[in-house]
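The residues making up each chain are set out below.
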Amino acid sequence: MERKNAWNFYNEQDLAAVEELSIRYRRFLDAGKTERECAAESVRMAREAGYRDLLQMIHQGASLKPGDKVYISFMEKSAAFFRIGTEPLEQGMNIIGAHIDSPRLDLKQVPCYEEAGNVYLDTHYYGGIKKYQWFALPLALHGIVVRKDGTWARLSVGEKEDDPVFVITDLLPHLGRERNEQKVKDFFDAEKMDLLIGNRPVKEQDVKQHILEILSETYQIQEEDFLSAELEIVPAGRARECGLDRSMVLSYGQDDRSCAFAALHALLGDGDKEPGTQGCGRTACCLLVDKEETGSNGATGMKSRFFENAAAEILAMTGEAFGKTPIQEVTFDLRLRRALLHSRMLSADVSAAYDPAFEKYFEKKNSAYLGNGLVFNKYSGSGGKSGANDANPEYMAKLRRIMEEHHVTFQTAELGAVDQGGGGTIAYIMAKYGMEVIDCGLAVLSMHAPWEATSKADLYEAVKGYRAFYKKML
């Protein structure tokens, strides 16, 4: 089948829209370099678009009606955004779910130590990283520290032009001959991936004392406060345009904040230019979750029941909790189960873009390509589709029709050649409810690296495709 490059179909108006969307996207990436920051930025965007806090409405005893727009934030790391449709929720929702955590380094609870006149912070990596990519790279420190009295200190150091940055040091090549003969997994020791944060003693103080004094004076943080901190190390620097033609975006965290942004932007709309999901029959939901990179466990991961609980609240507030006649009268639990069963979902997650530098790890016919539009992965998993969600062909046929009717450029792909690896998403978790689910997102080069590359055109097609799904999927 002939592949289509989305750029070939754009007129001047489309090209202007691509650039405007890319600017918003890069701002989103810069504002949300951790899951907490990303959730907060998403809520800010939703409130700006007229979305109301669902928890506040519950406390006020409010109800919901078609056209209402609400959101719920959970532990500041996950969030769900709903546009209430005209059809009963029991008939299902159109859901697009993405994760907003990304591979990184986390600080240990007792991180600070001095060695050879330098002060370091001890780390533990999060998610699937190639350790060697994080050495000799400008790094920033983001997160929160919660004191014993419950007050918080928020940190973001290394992003501003006049901020200091941090680094994990590497061995010079002159002394690295023996190490170069070892396997990569052997000579990059995770316990040695510690962040260099200081080197200067002051008066009679040692270097660590000086660093702790800076933390106390600048951020009102004591060393013991690291025990109740959540501090993440990410690449320092802004999202940038990539290529002489400025056709791509280079940034940290595009897996999976590219899909998160596209899903949220498609739901919220763009003012008078594009009214989002207004007027759609089924309730539309954008779901942003944490912990996907480590198995979707924990209270803020997709395996928790926070989304199910949110759907139950929506069901109750739309007046659908109980029927009005004996024939209709069924339990609330059954109505909730029906709502989830009848829902349709796009598991919005990225796919590996074909890279000719590593061609043996791909199968060209079934690979994703930058610029070829939104990517559908019918199945994921590894080897013999182990751990995969495998979407039904009937569902894929409906999606093909919707994408073609709305002139969305799309492609299909697998995550690499058979037996070369594989991966998973949140798709299989939502499929447990019996709803139709398929993976659908952007192609990414250098996935899980500190800096990843995507195509501006693919982002534009993703927003178009997600918007069509919210409105038209039945």
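Here the structure is shown first, and the text comes after it.
Keep in mind the model is a prediction, meaning the values are calculated, not measured. (Residues numbered from 1 in each chain as written. Predicted model: local features only at pLDDT ≥ 70, side-chain atom pairs only at ≥ 80, totals over all residues. Heavy atoms only, no water.)

**Details of the packing of helix α10 (residues 393-405) against helix α12 (residues 456-472)**
As a reminder, the rule being used: Think of each axis as a best-fit line through the C-alpha atoms, taken over the contacting stretch in the case of a helix, with angles from 0 to 180 degrees between the N-to-C directions. Secondary structure elements are taken from DSSP: a helix is a run of H or I of four residues or more, a strand is a run of E of two residues or more, and numbering for both begins at the N terminus. Each angle is binned into one of four classes, with values under 35 degrees roughly parallel, values over 145 roughly antiparallel, values of 65 to 115 roughly perpendicular, and all other values oblique. The hand of a helix crossing depends on one turn: near helix anticlockwise from the far one by less than a right angle means left-handed, and clockwise means right-handed. Contacts: residue pairs with any heavy atoms within 4.5 Å of one another. Nonpolar residues are Ala, Val, Leu, Ile, Met, Phe, Trp, Tyr, Cys and Pro. Charged residues are Asp, Glu, Lys and Arg, and all others, Gly as well, are polar.
Between α10 and α12, the least distance of the axes is 10 Å, while the angle of their chain directions is 115°. Taken together, α10 and α12 sit at an angle that is classed as roughly perpendicular. As α10 runs across α12, the sense of the crossing is right-handed. Residues Tyr 395, Leu 399, Ile 402 and Met 403 of α10 touch α12, and the partners they reach there are Gly 465, Ala 468, Phe 469 and Lys 472. In terms of residue class, the contact of α10 with α12 is made up of six nonpolar, one polar and one charged.

**Remarks on the pattern of salt bridges**
Stated precisely, the cut-off is as follows: Here, a salt bridge means any side-chain nitrogen of Lys or Arg that lies within 4 Å of a carboxyl oxygen of Asp or Glu. Per-residue accessibility, obtained with a 1.4 Å probe over protein chains only, is compared with the maximum for each type, and a residue is labelled buried under 20%, exposed over 50%, and partly exposed between these values.
Enumeration according to the criterion identifies 27 salt bridges in this entry. The salt bridge partner of Arg 36 is Glu 76, with a shortest N-O separation of 3.0 Å. With a gap of 40 residues between them, Arg 36 in helix α2 (residues 35-48) and Glu 76 in the loop between β2 (69-74) and β3 (78-83) connect regions that are remote in the sequence. Overall, the relative accessible area of 15% leaves Arg 36 in the buried class. With a closest N to O distance of 2.5 Å, Lys 77 and Glu 230 form a salt bridge.

**Describing empty space enclosed by the protein**
Think of a ball as big as a water molecule: rolled over the atoms, this probe shows where empty space is left. Formally: We place a 1 Å grid over just the protein atoms. Points where a 1.4 Å probe fits but has no way out form a cavity, open points with protein on both sides within 12 Å along at least 5 of 7 lines form a pocket, and any residue with an atom within 4 Å of a point lines it. Grid points are joined across faces, edges and corners, and a volume is the space filled by probe spheres set on the points.
Applying the stated rule across the entire model yields one cavity of 30 Å³ or more. In this structure, the largest cavity occupies an estimated 30 Å³ of space. Looking at the largest cavity, the residues that line it are Leu 29, Asp 30, Lys 33, Gly 237, Arg 238, Ala 239, Ser 251 and Tyr 252. Here the lining of the largest cavity is built from residues that sort into three nonpolar, two polar and three charged.

**Side note on α2**
Note the cut-off: Every helix has an expected span of 1.5 Å times one less than the residues it contains.
For α2, with 14 residues, the first-to-last C-alpha span of 20 Å sits near the 20 Å given by 1.5 Å per residue. By the criterion of burial, α2 is predominantly enclosed, with 10 of the 14 residues buried. When α2 is considered as a whole, its buried residues turn out to be Glu 35, Arg 36, Glu 37, Cys 38, Ala 39, Glu 41, Ser 42, Val 43, Met 45 and Ala 46. Positioned one or two residues after α2, Gly 50 has a phi angle of 95°, which is positive.

**Some remarks on the side chain of Asp 122**
Examined against the element boundaries, Asp 122 turns out to sit in strand β6 (residues 118-126). Taking the relative accessible area as the measure of exposure, Asp 122 reaches 14% and is therefore buried. Once residues within four sequence positions are removed from consideration, Asp 122 is found in contact with Asp 106, Leu 107, Lys 108, Pro 111, Tyr 113, Glu 191 and Asp 194.

**With respect to the layout of surface pockets**
What the largest pocket holds in volume is close to 1100 Å³. Going through the elements one at a time, β15 (351-352) and β19 (422-423) are the ones with two or more residues in the lining of the largest pocket. When grouped by side-chain class, the residues that make up the lining of the largest pocket number 16 nonpolar, 15 polar and seven charged. Size it by volume and the second largest pocket reaches roughly 880 Å³. Lining the second largest pocket are 25 residues, and of these Met 1, Glu 2, Phe 410, Gln 411 and Thr 412 lie nearest its centre. Every element with two or more residues in the lining of the second largest pocket is listed here: β16 (374-377), α10 and β18 (410-412). In terms of residue count, the dominant contributor to the lining of the second largest pocket is α10 (four residues).

**A closer look at the sheet that holds β16**
Quick reminder of the rule: A pair of strands counts as paired when DSSP detects no fewer than two bridges linking them.
Strand order in this open sheet of nine strands is β1-β2-β3-β13-β4-β14-β20-β16-β18, and the pairing throughout is mixed. Each of the sheet's edge strands pairs with one partner strand only, and the pair in question is β1 (52-53) and β18. In the sheet, β16 pairs with β18 via three bridges, with the strands oriented parallel. In the sheet register, Val 375 faces β18, and the bridge partner there is Gln 411. Across the face of the sheet, helix α7 (residues 254-268) comes into contact with β3, β4 (93-99), β13 (283-289) and β20 (436-441) while running at roughly 150° to β4.

**Some words on the packing of α2 against α7**
Helix packing for two helices is described by the angle between their axes and how far apart those axes are. In contact at an axis separation of 11 Å, α2 and α7 are set at 15° when each is read in the N-to-C sense. When the axes of α2 and α7 are compared, the pair comes out roughly parallel. Note that α2 runs across α7; the crossing there is right-handed. Each of Glu 35, Cys 38, Ser 42, Met 45 and Ala 46 in α2 lies in contact with α7, whose residues at this interface are Arg 257, Phe 261, Leu 264 and Leu 268. Here the contact of α2 with α7 is built from residues that sort into six nonpolar, one polar and two charged.

**What to know about the packing of aromatic side chains**
Counted only if it meets this: For Phe, Tyr and Trp, rings pair up if their centres lie within 6.5 Å, where Trp contributes its six-membered ring, and each pair is then called stacked (planes under 30 degrees apart), edge-to-face (over 60) or tilted (otherwise).
Summed over all chains, the structure comprises 13 aromatic pairs. Measuring from ring centre to ring centre gives 5.5 Å for Tyr 113 and Tyr 120, while their planes differ by 25°; the resulting arrangement is stacked. For Tyr 113, a relative accessible area of 29% corresponds to the partly exposed category. Taken together, Trp 7, Tyr 10 and Tyr 460 form an aromatic cluster joined through their ring pairs.

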